[in-house]
Amino acid sequence: MAQFTQKAIVESLIKLLNERPLDKITIKDIVEDCGINRNTFYYHFEDIPSLVKQILNAEAEKVLLKQETVVSWEEGFIEGAQFALQNKKVVYHIYNSVRREEVEKYLYHVAGDVMRQYVEAAAAGSKAKEEDKKLIADFYKSALVGMTLDWLNSGMKYAPEPLIRRLGVMLKGNIEEALKRAEG
């Protein structure tokens, strides 16, 4: 029953975020929308920011569970962007609120794990130092997050997938070459 109620609260906030900005949503709006009382909301969540954090953390975990079957950083990052693509208004309303840092944490978390896993796989058999592998992963993580933040700031007006795929073509082999150079 508790998971059902939590899910109803999450779905309610997502529904409301599709209609209006986060700062225009109250706990009263959420409890009325999902048919629970205020105390029930507080049993599951401390406040709306903790609910937002829960939603983004759950999405990040879904993405990271799928990472084991992803064969390229491009696919991993596209997978990570699916929540934003499927919920543009939700992400836009969270990002343009005081909860912007939660979206940024989500992006850094997902992009960081995607790049760390890809670099580790690419480094199999390499003598590159751990700090060099981390540096390479962090560089690509920062570049991907920066591009995503530009996309968010532009109002998410274009589909990022073709851009990510094109970038993958242009940068193909760069991570492997960086790892080889790091061995020397």
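To keep things clear, this report deals only with the structure shown in the data block.

1. Here we look at the packing of helix 7 (residues 100–122) against helix 8 (residues 130–153)
Here comes step 1: Packing of helix 7 against helix 8 leaves a shortest axis separation of 8 Å and a crossing angle of 140 degrees. In terms of axis orientation, helix 7 runs oblique to helix 8. Of the two elements, helix 7 crosses helix 8, and the hand of that crossing is right-handed.
Here comes step 2: Class assignment for the residues of the contact of helix 7 with helix 8 results in 13 nonpolar, three polar and eight charged.

2. Structural notes on unusual backbone geometry
Here comes step 1: Unlike most non-glycine residues, Met156 shows phi in positive territory, near 55 degrees.
Here comes step 2: Relative to the assigned elements, Met156 resides in the loop between helix 8 and helix 9 (160–171).

3. Quick look at the environment of Phe83
Here comes step 1: Among the structural elements, Phe83 can be located in helix 5 (residues 73–86).
Here comes step 2: Given the relative accessible area of 8%, Phe83 is considered buried.
Here comes step 3: It is 21 Å that separates the C-alpha atoms of Phe83 and Tyr118, two residues lying 35 residues apart in sequence.
Here comes step 4: In contact with Phe83, other than residues within four places in its own chain, are Ile55, Leu56, Glu59, Val90, Val91 and Tyr106.

Definitions and cut-offs
Residues numbered from 1 in each chain as written. Predicted model: local features only at pLDDT ≥ 70, side-chain atom pairs only at ≥ 80, totals over all residues. Heavy atoms only, no water. Axes fitted to C-alpha atoms, helices over the stretch in contact; angles between N-to-C directions. Helix = DSSP H or I, 4+ residues; strand = E, 2+ residues; numbered from the N terminus. Parallel < 35°, antiparallel > 145°, perpendicular 65-115°, else oblique. Left-handed = near helix turned anticlockwise from the far one by under 90°. Nonpolar A, V, L, I, M, F, W, Y, C, P; charged D, E, K, R; others polar. Buried < 20%, exposed > 50% of the residue type's maximum accessible area, 1.4 Å probe, protein only. Contact = heavy atoms within 4.5 Å.

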